[in-house]
Amino acid sequence: MAREKQPEAAAEAEGTPERSYREQLDYLNPIAQPLASRKLTRKLYKCIRKAAKHKQIRRGVKEVQKFINKGEKGITVLAGDTLPIDVYCHIPIMCEDRSLPYAYVPSKSDLGAAAGSKRPTCVIMIKPHEEYQETYDECLEEVGALPLPL
């Protein structure tokens, strides 16, 4: 019986289309500000993929928090659909205190997939590296231009 159900579940997972950017906005938290635009979200995912290839990312609340406290520089990308928000609501404050740029993207599953993981991820820090410096600088400039919440 269990063997028969597994292929069906796999077929359902492949058959379900990914949610669009607009559909993902329905699941956002109230604290998800500044939210990256659709274009910036794609650029951030691209930068995360390149950084993951060179092992230049920090993944997860605990790891990102530790390296922010140690003074490491980079772009912090947070998922806007993480619940409960108490899990990671202190990260933007830490970033603001240390003048680090941060932005929210709509989906934690897409954020995890961009990092090369099958698991959803709610926080990622992208560290600068010479291999993808141009993409990183472009993202840094756009994330820095986003208005901070009041």
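Predicted model only: the values in this text are computed from it and were never measured.

### A short note on the overall build of the protein chain
Phase 1 of the analysis: Within the protein chain, the regular secondary structure consists of seven helices and four strands.
Phase 2 of the analysis: Ordered by position from the N terminus, the helices and strands of the protein chain form the series α-α-α-β-α-β-α-β-α-β-α.
Phase 3 of the analysis: Counting only residues that meet the buried cut, the protein chain has 43% of its 150 residues in that class.
Phase 4 of the analysis: Relative to all contacts within the protein chain whose residues are 6 or more apart in sequence, the contacts with residues 24 or more apart total 80%.

### Comments concerning the sheet that holds strand S2 (residues 75-79)
Phase 1 of the analysis: Reading across the sheet, the four strands line up as S1-S4-S2-S3 and stay open at both edges, with mixed pairing between neighbours. Two strands bound the open sheet, and with one partner strand each, they are strand S1 (57-59) and strand S3 (102-105). Put simply, the sheet's adjacent strands are angled 20° from each other on average, direction ignored.
Phase 2 of the analysis: In this structure, S2 lies alongside strand S4 (residues 123-126), joined through four bridges in antiparallel fashion. From the neighbouring strand, Ile75 faces S4, where its bridge partner is Ile126.

### Quick word on helix H3 (residues 38-53)
Phase 1 of the analysis: Taking 1.5 Å per residue as the helical rise, H3 with its 16 residues ought to reach 22 Å, and the 23 Å between its terminal C-alpha atoms agrees with that figure.
Phase 2 of the analysis: Phi for Lys55, located one or two positions after H3, is positive at around 60°.

### Some thoughts on the confidence of the model for the protein chain
Phase 1 of the analysis: On average, residues of the protein chain score 86 in pLDDT, and 88% of them reach the 70 mark or higher.
Phase 2 of the analysis: In the model, residues 6-16 has pLDDT below 50 throughout and makes zero contacts with residues more than four positions away in sequence or in other chains.

### Structural notes on the packing of aromatic side chains
Phase 1 of the analysis: With the rule as written, the count across this model stands at two aromatic pairs.
Phase 2 of the analysis: Centroid distance Tyr88 to Tyr104: 6.2 Å. Interplanar angle 75°. Geometry classified as edge-to-face. Placement of Tyr88 in the loop between S2 and helix H5 (91-97) and of Tyr104 in strand S3 is noted, with a sequence separation of 16 residues between them. Neither residue differs from the other here; Tyr88 and Tyr104 are each classed as buried.
Phase 3 of the analysis: Judged by its relative accessible area of 1%, Tyr104 is buried.
Phase 4 of the analysis: Of note, Arg58 hangs over the ring of Phe67, and the distance from its end group to the ring centre comes to 3.6 Å.

### Concerning the pairing of S3
The two faces of the sheet receive side chains in turn, since in a regular strand these alternate between them.
Phase 1 of the analysis: Residues Tyr102 and Tyr104 of S3 are buried on one face, and the alternating residues Ala103 and Val105, pointing to the opposite face, are buried as well.
Phase 2 of the analysis: Handedness of the crossover joining S2 and S3 through H5 is recorded here as right-handed.

Rules behind the numbers
Residues numbered from 1 in each chain as written. Predicted model: local features only at pLDDT ≥ 70, side-chain atom pairs only at ≥ 80, totals over all residues. Heavy atoms only, no water. Helix = DSSP H or I, 4+ residues; strand = E, 2+ residues; numbered from the N terminus. Buried < 20%, exposed > 50% of the residue type's maximum accessible area, 1.4 Å probe, protein only. Contact = heavy atoms within 4.5 Å. Pairing = 2+ DSSP bridges. Axes fitted to C-alpha atoms, helices over the stretch in contact; angles between N-to-C directions. Expected span 1.5 Å × (residues − 1). pLDDT = per-residue confidence, 0-100. Phe/Tyr/Trp six-rings, centres within 6.5 Å; stacked < 30°, edge-to-face > 60°. Lys NZ or Arg CZ within 6 Å of the ring centre and 35° of its normal. Right-handed = clockwise from strand over helix to strand, strands pointing away.

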